[in-house]
Amino acid sequence: MLDKLEMFIAVAREEHFGRAAAALGITQPTLSAGVKQLEDQLGVQLIFRGSRYGGLTPEGQSALIWARKIVGDTRQLKEEMRFTRHGLTGQLRIAVIPTALTWAARLTARFSEKHPNVRFTILSRTSAEILSMIENFSVDAGISYLDNEPMGKVSSEPLYREYYMLVCHRESVFADRDQVGWAELDGQKLCLLTPDMQNRRIIDKNFRESGVSPEAWIESNSTIVLTVNVEDGGWMTVLPADMARSLAAGKPLKIIPMGAVEAVHTVGLVAPYREPHTPVLKALLSEARRMSEAA
């Protein structure tokens, strides 16, 4: 039944039989048959479907909660048994907001030094996608904002406090400044992250609190794209300090602290709310705690 529960979870996550089958690496007929067998075993219809996926039935909504718990508990059991035989091994999948990728690299590097048999997959995602992926077992953990928007029921460890820098070309009118106010960027050539990014929503809020609403003429979900536009096109962007320093290194760019109404937010490691955690996830949370205490 475990395989069938994972098929059901995948369909609910993807809301499409073809995409769910591709995500699991099986054929669509195999997936459809597996979900149908699960329905027969449980004696209820789980999914509305005609020629395509039509959503979960009320019974399917309830079954999804149980399916996630059963699959999660089973994975944890396997991890516990593997740990008793081989120590910390396996693969951790972590989804990270784009502005925290440098911290993700630090965390995984430090963890790998102590536990070389653990492999990592790092994905760049929005904060909303990270929570959804944790809930649907698409990833094991995430790095995201902890205090700006509702997180739901998760375990978390703070990593760092985020503050912001203007990134501009060294020939910019702001290049020699020690600090730049948010209102001063009104009317400037701005390129910013896309509105689905929580970092962009924070930046827009800071602008509004400064009494301005500047337009971003270039938007991207990639901080690298923003930096290249600043370097080659004379644009300006606003990024968290750590990411700004990393991307501007060795380039003809200046990074200048943003002042006045700047709000500082906490970014940290987020994991499913489950006690106890798997050994490898418990070790990752502990490493994040040590990094935060040392910062």
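Owing to the predicted nature of the structure, the values given are computational and were not obtained by experimental measurement.

## Looking at the pairing of strand β2 (residues 53-56)
Sheet analysis places strand β1 (residues 47-49) next to β2, joined by 2 bridges and oriented antiparallel. Bridging across to β2, Arg 49 finds its partner in Tyr 53. The hairpin turn running from β1 into β2, its antiparallel successor, is 3 residues long.

## Here's the deal with the sheet that holds strand β10 (residues 237-240)
With antiparallel pairing, the 3 strands of this open sheet are ordered in space as β10-β7-β11. The outermost strands of the open sheet, each flanked by one partner alone, are β10 and β11 (253-257). Averaged over all pairs of adjacent strands, the angle between their axes in this sheet comes to 35 degrees, without regard to strand direction. When strand β7 (residues 164-169) meets β11, the two strands line up antiparallel, connected through 5 bridges.

## Concerning the packing of helix α5 (residues 101-114) against helix α10 (residues 279-294)
Between α5 and α10, the shortest axis-to-axis distance is 10 Å and the interhelical angle comes to 120 degrees. Note on packing geometry: the crossing formed by α5 with α10 is right-handed. Contacts from Trp 103, Arg 106, Leu 107, Arg 110, Phe 111 and Lys 114 in α5 reach Val 280, Ala 283, Leu 284, Glu 287, Ala 288, Arg 290 and Met 291 in α10. Grouping the constituent residues of the contact of α5 with α10 by class yields 8 nonpolar, no polar and 5 charged.

## Digging into the packing of helix α1 (residues 2-14) against helix α2 (residues 17-24)
Remark: α1 packs on α2, axes separated minimally by 8 Å, with the N-to-C direction vectors making an angle of 125 degrees. Our classification of the angle between α1 and α2 gives oblique. Considering the relative orientation of α1 and α2, their crossing is right-handed. Contacts between α1 and α2 involve Glu 6, Met 7, Ala 10, Val 11, Arg 13 and Glu 14 from the first element and Phe 17, Arg 19, Ala 20, Ala 23 and Leu 24 from the second. Considering only residue class, the contact of α1 with α2 consists of 7 nonpolar, no polar and 4 charged.

## Considerations on the environment of Ile 255
Mapping Ile 255 onto the fold places it in strand β11. When its relative accessible area of 27% is taken as the criterion, Ile 255 is described as partly exposed. A C-alpha to C-alpha distance of 7.9 Å links Ile 255 and Ala 175, two positions 80 residues apart in sequence.

## Details of the pattern of salt bridges
Under the defined criterion, the tally for this structure stands at 15 salt bridges. Taking the shortest distance from any N to any O, the salt bridge between Arg 110 and Glu 287 comes out at 3.0 Å. Of the two residues, Arg 110 is situated in helix α5 and Glu 287 in helix α10; the sequence distance between them amounts to 177 residues. Take Arg 110: its relative accessible area is 32%, and that puts it in the partly exposed class. Between Arg 161 and Asp 147 there is a salt bridge, with the nearest N and O atoms lying 3.5 Å from each other. Of this pair, Arg 161 sits in strand β6 (residues 154-162) while Asp 147 is found in the loop between β5 (141-145) and β6, placing the two residues 14 residues apart along the sequence. Residue Asp 147 is classed as partly exposed on the basis of its relative accessible area, which comes to 39%.

Rules behind the numbers
- Every chain is numbered on its own, with residues counted from 1 as its sequence reads.
- Selection of residues for local features in this predicted model requires a pLDDT of at least 70, selection of side-chain atom pairs for listing and counting requires 80 or more, and totals for whole chains, interfaces and linings are taken over all residues.
- With hydrogens and water set aside, each side-chain value is computed from the structure's full complement of heavy atoms.
- Strands are labelled as partners when DSSP assigns at least two bridges between them.
- Counting from the N terminus, the helices are the DSSP runs of H or I reaching at least four residues and the strands are the DSSP runs of E reaching at least two.
- Angular values range over 0 to 180 degrees, each being the angle between N-to-C directions of two axes fitted as lines to C-alpha atoms, with helices fitted over their stretch in contact.
- Here a crossing is taken to be left-handed if its near helix is turned anticlockwise relative to the far helix by less than a right angle, and right-handed if that turn runs clockwise.
- Residue contacts are counted whenever heavy atoms from the two residues lie within 4.5 Å of one another.
- Each residue receives one of three labels: charged for Asp, Glu, Lys and Arg, nonpolar for Ala, Val, Leu, Ile, Met, Phe, Trp, Tyr, Cys and Pro, and polar for the others, Gly being one of them.
- Any angle that falls under 35 degrees is termed roughly parallel, while one over 145 is termed roughly antiparallel, one within 65 to 115 roughly perpendicular, and all others oblique.
- Exposure is judged per residue with a 1.4 Å probe applied to protein chains only, and the accessible area is read against the type maximum: over 50% gives exposed, under 20% gives buried, and values in between give partly exposed.
- Any Lys or Arg side-chain nitrogen located within 4 Å of an Asp or Glu carboxyl oxygen qualifies as a salt bridge.

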